[in-house]
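Reading the structure
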Amino acid sequence: MNLFLKRSMMAAALICAIWTPPNASAQPSWLQAEAIQAVLQGAAPIQPGVRLDIPAVTQDGSSVQVSIDVDSPMTPDDFIDRIHLFALDNPSPELIELSLTPLAGKASFTTRIRLDQSQTVVALARRSSGEWLAAARDVRVTVSGCLSREGTYRSEQLMQARVRVPGQGRQGAPMEVRTLIQHPMETGLREGPDGAIVPERIIERFEAAIDGEKVLTAHLHRAMAANPYLLFMIAPERSGELAMTWTEDTGVAATERASFEILR
Amino acid sequence: MTMNRNLTRRESLKWMGLAGLGAMTGFPSLSLGGDAPSGHIVVVGGGFGGATAAKYLKRLAPSLDVTLIEPERRYITCPFTNLYLGGVRSFESLWHTFDELRDELGVTVIHDWAKDVDVEGRRIQLSGGESLSWDRLILSPGIDIRWGDLEGYDEAAAELAPHAWKPGAQSRLLRRQLEEMEDGGTFVLVAPDNPFRCPPGPYERVSMVANYLKNHKPKSKILLLDAKDGFSKQGLFMQGWERHYGDMIEWVSRSNDGLVMRVDADHLEVETEFGTIHKADVLNVVPPQKAGFIADRASVTDASGWVPVKPRTFESQLVAGVYVIGDATQAAPMPKSGFVANTQAKVTASAIIADLRGLPPVDPSWANTCYSLITPDWAISIAGVYEVYDELIREVPGSGGISPMDVGSVFRKQEAENARAWYAGIAHDVWGTRSLS
Amino acid sequence: MLKRITIFEQKWLRRAVIGLFAVCAIASVSGCSANAELQEYSAPEPLDAAAEGLSLFERRVEVIAMSCAACHGTDGRKATAIPALAGKPFPVLNALLLAYRNDQMPDATVMPRIAKAYTEEELRAVAEYFANITPGAEE
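None of the values given here were measured: they were computed from a predicted structure.

**A short note on the overall build of chain B**
Within chain B one finds 10 helices and 25 strands. Counting only residues that meet the buried cut, chain B has 65% of its 437 residues in that class. In chain B, the proportion of contacts linking residues at least 24 apart, taken out of those at least 6 apart, comes to 64%. For chain B, the accessible surface area stands at approximately 15100 Å², while carbon and sulfur atoms represent 48% of it.

**Remarks on the nonpolar core**
For soluble globular proteins, the rule of thumb is that nonpolar side chains tend to be buried together. Residue and element names in this part refer to chain B. Leu 57, Ile 124 and Trp 241 are the most contacted members of the largest nonpolar core, which totals 153 residues. It is helix 10 (residues 409-431) that contributes the most residues to this core, 10 residues altogether. When residues of this core are assigned to domains, at least three map to each of domain 1 (35-145 + 290-360) and domain 2 (157-287). Once residues within four sequence positions are removed from consideration, Leu 57 is found in contact with Ile 41, Val 43, Pro 62, Leu 64, Val 66, Ile 138, Ala 349, Ile 352 and Ile 353.

**Some words on the pairing of strand 7 (residues 119-127) of chain A**
Residues and elements named next belong to chain A. Counting buried positions along strand 7 yields seven of nine residues, so the element is predominantly enclosed. Direction of pairing for strand 4 (residues 80-87) relative to strand 7: antiparallel, over a ladder of seven bridges. Note on strand 7: the bridge partner recorded for His 84 is Leu 124. As judged from the eight bridges shared by strand 7 and strand 8 (residues 132-141), these two strands associate in the antiparallel manner. Within strand 8, the position partnered with Ala 125 by the bridge is Leu 133.

**A closer look at the interface of chain A and chain B**
Put simply, an interface is often sized by how much accessible area is lost when its parts join up. Taken together, the contact pairs 25 residues of chain A with 34 residues of chain B. For the pair chain A and chain B, the two sides together bury roughly 2500 Å², of which 48% comes from carbon and sulfur. The tally of links from chain A across to chain B stands at two salt bridges. If you look at where chain A meets chain B, you find 13 residue pairs in polar contact (both at pLDDT 80 or more).

**Thoughts on the pattern of salt bridges**
All names here are of chain A. For the structure shown, the criterion picks out 39 salt bridges over all chains. The partner of Arg 51 in a salt bridge is Asp 71, with the nearest N and O atoms 3.4 Å apart. Of the two residues, Arg 51 sits in strand 1 (residues 51-53) while Asp 71 sits in the loop between strand 3 (64-70) and strand 4, which places them 20 residues apart along the sequence. For Arg 51, a relative accessible area of 44% translates into the label partly exposed.

**Observations concerning the packing of aromatic side chains**
Tallied over the entire structure, the rule returns 18 aromatic pairs over all chains. Between the aromatic rings of A:Phe206 and A:Trp246, the centroid separation amounts to 5.1 Å while the plane-to-plane angle is 55 degrees, which identifies the pairing as tilted. Taken together, the residues A:Phe206 in strand 12 (residues 203-210) and A:Trp246 in strand 15 (residues 240-248) connect sequence positions 40 residues apart. The exposure classification of A:Phe206 matches that of A:Trp246, with both residues buried. Seen from their ring centres, B:Phe80 and B:Trp422 are 6.1 Å apart, and the 65 degrees between their planes marks the pair as edge-to-face. Of this pair, B:Phe80 sits in the loop between strand 3 (75-76) and helix 3 (81-85) while B:Trp422 is found in helix 10, placing the two residues 342 residues apart along the sequence. Residue B:Phe80 is classed as buried on the basis of its relative accessible area, which comes to 4%.

**Quick word on the sheet that holds strand 4 of chain A**
Pairing between the strands of a sheet comes from backbone hydrogen bonds, and it takes one of two forms, parallel or antiparallel. Residues and elements named next belong to chain A. Judged by pairing direction, the sheet is mixed, and its 10 strands sit side by side in the order 2-8-7-4-5-13-12-15-16-10 without closing on themselves. The open sheet terminates on both sides in strands that have one partner only, identified here as strand 2 (57-58) and strand 10 (168-170). In this sheet, strand 13 (residues 213-220) lies alongside strand 5 (residues 94-100) in antiparallel orientation, the contact comprising five bridges. In the strand pairing of strand 13, Ile 96 is matched with Leu 220.

**What to know about the packing of helix 2 (residues 50-60) of chain B against helix 10 of chain B**
All names here are of chain B. It is the contact of helix 2 with helix 10, at a shortest axis distance of 7 Å, that shows an interaxial angle of 60 degrees. Here helix 2 lies oblique to helix 10, going by the angle between them. Two secondary-structure elements touch here, helix 2 through Ala 51, Thr 52, Lys 55 and Tyr 56 and helix 10 through His 428, Asp 429, Val 430 and Trp 431. Tallied by class, residues from the contact of helix 2 with helix 10 come to four nonpolar, two polar and two charged.

**Considerations on the environment of B:His96**
Residues and elements named next belong to chain B. Inspection of the secondary structure assignment puts His 96 in strand 4 (residues 95-96). Owing to a relative accessible area of 1%, His 96 belongs among the buried residues under this scheme. Here the alpha-carbon distance between His 96 and Val 430, two residues 334 residues apart in the chain, equals 9.2 Å. If we skip the residues at most four places from it in the chain, His 96 touches Arg 73, Arg 74, Tyr 75, Thr 77, Tyr 423, Ala 427, Trp 431, Thr 433 and Leu 436. At a separation of 2.9 Å, a polar atom in the side chain of His 96 contacts the side chain of Tyr 423. In terms of polar contacts, His 96 uses its side chain to reach the side chain of Thr 433, at 2.7 Å.

**Side note on the pairing of strand 24 (residues 392-395) of chain B**
Working note: regular strand, side chains alternate between the two faces of the sheet. Residues and elements named next belong to chain B. Bridge analysis of strand 23 (residues 378-389) against strand 24 gives four bridges, and the strand direction is antiparallel. Bridging across to strand 24, Glu 387 finds its partner in Arg 394. In this structure, the hairpin formed by strand 23 and strand 24 is closed by a connection of two residues, where Asp 390 is found at a positive phi of approximately 55 degrees.

**Focus: the confidence of the model for chain A**
Residue and element names in this part refer to chain A. In the predicted model, chain A carries a mean pLDDT of 88, and 86% of its residues have values of at least 70. Within the model, pLDDT remains below 50 along residues 13-25, and this stretch shows two contacts once partners closer than five positions in the same chain are excluded. Under a pLDDT of 50 for its full length, residues 145-152 has, in the predicted model, 31 contacts with residues more than four places off or in other chains.

**Observations regarding the state of the cysteines**
Simply put, disulfide is the name for a covalent bond between the sulfur atoms of two cysteines. All names here are of chain B. Counted by the stated rule, this structure contains zero disulfides over all chains. In this model Cys 78 remains outside any disulfide bridge; the closest cysteine sulfur is found in Cys 198, 7.0 Å from its own. Taking the relative accessible area as the measure of exposure, Cys 78 reaches 19% and is therefore buried.

Definitions and cut-offs
Residues numbered from 1 in each chain as written. Chains lettered and ligands numbered in written order. Predicted model: local features only at pLDDT ≥ 70, side-chain atom pairs only at ≥ 80, totals over all residues. Heavy atoms only, no water. Helix = DSSP H or I, 4+ residues; strand = E, 2+ residues; numbered from the N terminus. Buried < 20%, exposed > 50% of the residue type's maximum accessible area, 1.4 Å probe, protein only. Contact = heavy atoms within 4.5 Å. Areas by Shrake-Rupley, 256 points an atom, 1.4 Å probe, with all protein chains shown as cover. Core = buried A, V, L, I, M, F, W, Y, C linked by side-chain atoms within 4.5 Å. Domains from an automatic or database assignment. Pairing = 2+ DSSP bridges. Buried area = accessible area lost by both parts, 1.4 Å probe. Salt bridge = Lys/Arg side-chain N within 4 Å of Asp/Glu carboxyl O. Polar contact = N/O pair within 3.5 Å; in protein donor to acceptor, adjacent residues only side chain to side chain. Phe/Tyr/Trp six-rings, centres within 6.5 Å; stacked < 30°, edge-to-face > 60°. Axes fitted to C-alpha atoms, helices over the stretch in contact; angles between N-to-C directions. Parallel < 35°, antiparallel > 145°, perpendicular 65-115°, else oblique. Nonpolar A, V, L, I, M, F, W, Y, C, P; charged D, E, K, R; others polar. pLDDT = per-residue confidence, 0-100. Disulfide = S-S within 2.5 Å.

Okay, structure coming up:
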């Protein structure tokens, strides 16, 4: 038994000791989901080790805001290196996978997802030590009587990006970066006006780097909301330039750059 | 719960007999079965939810002691304030009194603020110093503004950039600002994210403002900055805007940088999520909202700021014996509308009386119809009927929906007439207002 | 009955006639009992049923009927562009509600969207509810 497994078992035992669920031996059913097990590979995650903020009831399943926040010092010795997000009862459960570096300063991001129906949303986060953390939240999706909606995507805006990066920050204080790119995120599940399936066409990758050094990389799946939105943190040591690149599944890419000044 | 959905001839006769009896006594109350229930029901809030609850409690069970607490002697409705803002309806036509409740139905009406609630002692404190005990409490407190959630938007800012989302002085202020605006000015409306009071409200408001500007200040522009990527009856609204107002109204979705993050009321400026500054001549901020203050005092709100309720009765999920109706509740997919508050009040009145008699509550049915005027003669609607299924509220499958897209002006004008008729009908039902037609 | 119908507004009467026609047409095609129901109907004998209390179904119908008041006024007594319901003949109300439910009403606006939420039995009971309210002065 390796050290990681031992640690996670100890952690699990500790959690059980503190918090005894009604049926202490039962694992939550979402933990057994195929998509979750494909990532965890049998590891027992610490729960709830992740703050997962999503409305309990949402009136518009086509764009549901979700925030993930994990306590971590984000130092080279101890940081969160991966975060996965799933919607278990969507046609495909995977939403987004983030790979992070200590340059992010804070293991925290906000995005918008699609929820096909009421279901459980699960976040998994991995410590650089290999240990997994997890949280799950049930979300009820209702299409409100007053909220029928149509698509708002216009083709002339395809791949038009918006970013907001603070021009100035302080060393050691993570700064908030907001990004959005115009894109329909066609799921490949929708029928067009002619009755034929509209082929899948999505932004599949987002990368952020400071002067060539990676901050985060995200793999996006088709259940991300149209016009993919990502709010994340950066904690650079010195002044520089943040480059953000979105890549479509066709290979087409768009890049935005923003420079910032770091005060000591 | 099983229920006999097949009305037999025998039952229908029994029931019709009762109806006849009710009509003869002047009280078409049908719930005469069993012992007359007794108890003191305190209702807080004299709007669409609270006034209706007080009225139907007394109609269904005249033996009940019902007290309504509402600070205003003259209630002003939020529905149709947009018509006032657009200059097509007088402010006075939105005023209603509590005469019917007090004089004809025997409700004790106290004009005061509910200040605090002692849920264990079952007492409510009023600002005037009075304290009342209850057997059942109904809160219909409407909404409060989440001051400070939107940077720069506090109560002082609202005096410069009104919300006008709670009717009264704020509505008059916004109307005055529109009247004083010069031709060629820009009216900016900031619309919030869900959930909020009256989902189609911001869009009807810009329609009515456009109607006023088109007739009086045709060079003006309207900018609608939205925290959402879609809105209620969107296709119908946009079709109507294009037809009647050309390019006067510009809607900016959240994905097009419509989310406002900061308000500078002194300079009538707003800043969006991605840093765009918009300058307004008249700035109308519809801010984030939460359940009315007294819901917090009664400990019935959750972390969202709204009130979770049991779907069948609207009894609070957190405090027994306290019922909450109207905009303050989490009742999705029912929208936060006056119509919904009215039908919630009736279901809850029925449920409380059933409970007092030791009977189970019925399988409830709630309804909603929201009309929105795009011009005084061009209106659109959305209707919905709701039920409890699997212990959750849902829209009855196969029912409800919005006005068709492909109809002409005759249909739209009929809906505009129906909108005014609806207002007269619901004002009759809630406050006994008889002067409207 | 004729005397009662004369108090209807023109539009209301026209719609009612269309509705009746529509229901008859459906009945003749589907062989359902709407026609028979119309002929069989007669004013009910009041029963002293108060002591028996109301069934769950009756209380549900009461809740449904109360929701109608949000447009038609309390007890359906408000006459505007939206017609009053109080005291209108049962066959007319019932035929109209069924016609709305079955999309047999040309130019209808919200009523088909609402009527589809209820069973035929519920709609019939709602029609009875309003037919049995003494009209009095419309307000």
